[in-house]
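Descriptive structure summary
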Amino acid sequence: MALRAAPLAEELRPVHPGLPGGRYLPLTQAEVRRINEAALEALEVIGLSQAPKSGVAAMTAAGAILGDDGRLRFPRSQVEDMLAKAARDITLCARDPKHDLHLTGTRVHFGTAGAAVHVVDPKTKDYRDSTARDLYDSARLVHHLDNVHFFQRTMVCRDVTDNFEMDINTLYASCAGTTKHVGTSFSDPSHVAGCFELIHLIAGGEAEWRARPFISNSNCFVVPPMKFAEESCVTMEHCIRAGMPVLLLSAGQAGATAPAPIALAIVQAVAECLAGVVYVNSISPGHPAIFGTWPFVSDLRTGAMSGGSAEQALLTAGCAQMHRFYNLPGGAAAGISDSKQSDMQAGWEQAITNTLAGLSGLNMVYEAVGMHASLLGFSLESLVLGDDILGQVLRCVRGIDVTDESVSIEAMKAVCLGGPGHYLGSEQTLKLMQTEYIYPTLGNRMSPKEWNEAGRPDLLENAIARKTAILAAAGNTVSPEIDAAIRARWNIYF
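Residues numbered from 1 in each chain as written. Predicted model: local features only at pLDDT ≥ 70, side-chain atom pairs only at ≥ 80, totals over all residues. Heavy atoms only, no water.

**Some remarks on the overall build of the protein chain**
Secondary structure summary: the protein chain contains 17 helices and 20 strands in total. Since a compact globule built from 494 residues should have a radius of gyration of about 23 Å, the 23 Å found for the protein chain is in line with a globular shape. Along the three orthogonal principal directions, the C-alpha set of the protein chain runs to about 85 × 60 × 50 Å. Within the protein chain, buried positions represent 54% of all 494 residues. The long-range share in the protein chain, meaning contacts at least 24 apart out of those at least 6 apart in sequence, stands at 76%. Only carbon and sulfur atoms are counted for the fraction: they give 56% of the accessible area of the protein chain, which is about 20600 Å². Of note, the protein chain has its 40 positive side-chain charges centred 2 Å away from the centre of its 52 negative side-chain charges. (Helix = DSSP H or I, 4+ residues; strand = E, 2+ residues; numbered from the N terminus. Rg over C-alpha atoms; globule rule 2.2 N^0.38 Å. Buried < 20%, exposed > 50% of the residue type's maximum accessible area, 1.4 Å probe, protein only. Contact = heavy atoms within 4.5 Å. Areas by Shrake-Rupley, 256 points an atom, 1.4 Å probe, with all protein chains shown as cover. Lys, Arg positive; Asp, Glu negative; His and termini not counted. Charge placed at Lys NZ, Arg CZ, Asp CG, Glu CD.)

Pasting the structure below:
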């Protein structure tokens, strides 16, 4: 592997956060408009049920209609008015500003997410309960992986039995592990206030937090099909008033809680998230919110989720096109593997779904690395391996640079007309070696002879070694004084 002699300036790196995608378009513009029309019709005719009283009051005041059947219906004019008020070109702050995420246009960012309940042991291949320490370790790994741009909770702290303590430990393990942007959720609306005490302590005060909110609320505000999730909606209201950006997450499963046709699954997800746009902007116009269409796929033979399928890749890419249609910051899921281990199946599933997500220009690609068994398991080694996959994906997203210099035949003339007859060692080749090409950290490009002479290095063993080395050197990103204050006040499990 060729190593850089010195760090490259950000604009010269072969891949970096926020590269513009959008070259892959699974839907025509006419098809995009048909999906929009169907979603607006669904909101007018079907509507959503089970909004909390506070949400009903806010949305009806803004023009929604509460029917005798208890369903809120949304006139097209109201949806369009709220779309006009919705935040665009937002920045998701990080504790370290160099990790800020600028969600505009087709800029692509990859990160983690999920609520896995197990961790995969790479040696025994057993699944065990995930812990707060595992969550902390996954955040510390993300902090040191260049191609993973944000950290959202990857697993449930199953060693923490009290739900409030679990929310506190989830927040603190994430923030202690990385200064990149963090996403989290709350298990009960009553926990939000206490968790914000922790957040303000880390931020240095409420004013500092509101100036740079470095955590977003991943909020499953709907229970597909077309129902609000009452407790999550109340949590969302609390987070909005506390200045926290929200991810409006609609996660239906095609063939189960969403329609089986890929196009209609997108229609339902779009309709539900448009209702979320109305909800957020009826409370606080222009509040930063991510249009989180996350429809998943069922294997229709069994009904089981199939997160690594080609259909999942198409769903996610189609959703990204809808985000662009509304010019809203958007997020969806990719990179999930149905495989139970870090094997070839995991590799192709993660690569295909992440590549289509990146090429479609999805702003926030969640669950991009580490997720196995259709979100039931998480692998720290797969997280490390996934950084290599994302590097290759981002290189595809960056595309081919066609400039006067890159298509000039001067280099060809120098080589072919009296030159050495090859480009090895040419000035142009050496100049572009680090800026045009990306090299895997763990991926092996040796010849069979070299590989044999090197002791036949094993990919998973190398991933274990890199994980171990990173964790040995990684520390707590929170100052010792604040860490001590937090541990004195709350029961921290790692």
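**A few points about the side chain of Asn 169**
With respect to the helices, strands and loops of the structure, Asn 169 is situated in helix H5 (residues 163–177). With relative accessibility at 0%, the residue Asn 169 sits in the buried group. Of note is the side chain of Asn 169, whose polar atom sits 2.8 Å from the backbone oxygen of Glu 165. Excluding residues that lie within four positions of it along the chain, Asn 169 makes contacts with Ala 132, Leu 135, Val 160, Asn 491, Ile 492, Tyr 493 and Phe 494. (Polar contact = N/O pair within 3.5 Å; in protein donor to acceptor, adjacent residues only side chain to side chain.)

**Comments concerning the sheet that holds strand S1 (residues 19–20)**
Spatially, the four strands line up as an open sheet ordered S1-S6-S18-S17, and their pairing is mixed. The open sheet is flanked by S1 and strand S17 (331–333), the only strands paired with a single partner. (Pairing = 2+ DSSP bridges.)

**A few points about helix H2 (residues 53–61)**
Every buried residue belonging to H2 is among Gly 55, Val 56, Ala 58 and Met 59, and all of these are buried. Buried residues along H2 sit against strand S2 (65–66), strand S3 (72–73), helix H3 (76–85), helix H8 (230–241) and helix H9 (262–283). One or two residues past the end of H2 sits Gly 63, with phi positive at roughly 120 degrees.

**Looking at the pattern of salt bridges**
As enumerated under the stated definition, the model contains 22 salt bridges in all. With its nearest N and O atoms 2.8 Å apart, the salt bridge here joins Arg 73 to Asp 69. For Arg 73, a relative accessible area of 21% corresponds to the partly exposed category. The exposure class assigned to Asp 69 is partly exposed, which follows from its relative accessible area of 48%. The partner of Lys 123 in a salt bridge is Glu 461, and the shortest N-O contact between them spans 2.8 Å. Highlighted residues: Lys 123 in the loop between strand S7 (118–120) and strand S8 (127–129) and Glu 461 in helix H16 (residues 459–473), separated in sequence by 338 residues. By relative accessible area, Lys 123 is classed as exposed at 55%. (Salt bridge = Lys/Arg side-chain N within 4 Å of Asp/Glu carboxyl O.)

**What to know about unusual backbone geometry**
Leaving glycine out, the prevailing phi sign among residues is negative, and the prevailing peptide bond configuration is trans. A cis amide bond links Pro 224 to the next residue, Pro 225, at an omega of 5 degrees. Residue position: Pro 225 is located in the loop between strand S11 (215–219) and H8. You will see that Arg 456, though not glycine, has its phi angle at about 55 degrees, which is positive. Note that Arg 456 resides in the loop between helix H15 (448–453) and H16.

**Brief notes about the packing of H2 against H9**
Running from N to C, H2 and H9 point in directions that differ by 85 degrees, and their axes come no closer than 9 Å. Taken together, the axes of H2 and H9 lie roughly perpendicular to each other. In this structure, H2 uses Gly 55, Ala 58 and Met 59 to contact H9, whose residues at the interface are Ala 275, Val 278, Tyr 279, Ser 282 and Ile 283. Broken down by class, the residue content of the contact of H2 with H9 amounts to six nonpolar, two polar and no charged. (Axes fitted to C-alpha atoms, helices over the stretch in contact; angles between N-to-C directions. Parallel < 35°, antiparallel > 145°, perpendicular 65-115°, else oblique. Nonpolar A, V, L, I, M, F, W, Y, C, P; charged D, E, K, R; others polar.)

**Quick look at the packing of H8 against H9**
Between two packed helices, both the angle of their axes relative to each other and the distance between the axes serve to describe the pair. Two elements in contact, H8 and H9, have axes separated by 10 Å at closest approach and are oriented at 45 degrees. By the angle between their axes, H8 is oblique relative to H9. Relative to H9, H8 is oriented so that their crossing is right-handed. Within the contact between the two elements, H8 uses Cys 233, Met 236, Glu 237, Ile 240 and Arg 241 and H9 uses Tyr 279, Val 280 and Ile 283. Residues belonging to the contact of H8 with H9 are distributed by class as follows: six nonpolar, no polar and two charged. (Left-handed = near helix turned anticlockwise from the far one by under 90°.)

**Quick look at the packing of aromatic side chains**
Overall, the coordinates contain 11 aromatic pairs when judged by the stated rule. Chaining the aromatic ring pairs together yields one cluster made of Phe 150, Trp 294, Phe 296 and Tyr 366. Lying across the ring of Phe 494, Arg 487 places its NZ or CZ 5.2 Å from the centre. (Phe/Tyr/Trp six-rings, centres within 6.5 Å; stacked < 30°, edge-to-face > 60°. Lys NZ or Arg CZ within 6 Å of the ring centre and 35° of its normal.)

**Remarks on the pairing of strand S12 (residues 246–250)**
In terms of burial, S12 is largely enclosed, as five of its five residues are buried. Neither face of S12 is exposed, since Val 246, Leu 248 and Ser 250 on one face and Leu 247 and Leu 249 on the opposite face are all buried. Between the parallel elements S11 and S12, the chain passes through H8 in a crossover that is right-handed. (Right-handed = clockwise from strand over helix to strand, strands pointing away.)

**A word on the nonpolar core**
Core analysis: the biggest nonpolar cluster contains 136 residues, and Phe 74, Phe 228 and Leu 274 have the highest contact counts within it. With 12 residues, H9 is the largest single contributor of residues to this core. Once you skip the residues sitting within four places of it in the chain, Leu 274 turns out to touch Ala 39, Leu 40, Leu 43, Val 79, Leu 83, Phe 291 and Tyr 326. (Core = buried A, V, L, I, M, F, W, Y, C linked by side-chain atoms within 4.5 Å.)

**Some remarks on the environment of Ala 113**
Take Ala 113: it is sitting in the loop between strand S6 (107–110) and S7. Expressed as a C-alpha distance, the spacing of Ala 113 and Met 371, which sit 258 residues apart in the sequence, is 8.5 Å. Apart from the residues within four sequence positions on either side, Ala 113 is in contact with Gln 152, Arg 153, Thr 154, Trp 294, Tyr 366, Glu 367 and Met 371.

**Description of the sheet that holds strand S14 (residues 289–293)**
Working definition: the strands of a sheet are paired by backbone hydrogen bonds and lie parallel or antiparallel to each other. Read from one edge of the open sheet, five strands run S9-S10-S11-S12-S14, paired in parallel fashion. Where the open sheet ends on each side, the last strands, each with one partner, are strand S9 (151–152) and S14. Where S12 and S14 come together, five bridges link them in parallel fashion. Its bridge partner being in S14, Leu 247 is matched across the sheet by Ile 290. H9 rests against S12 and S14 of the sheet, and its axis sits at about 160 degrees to S14.

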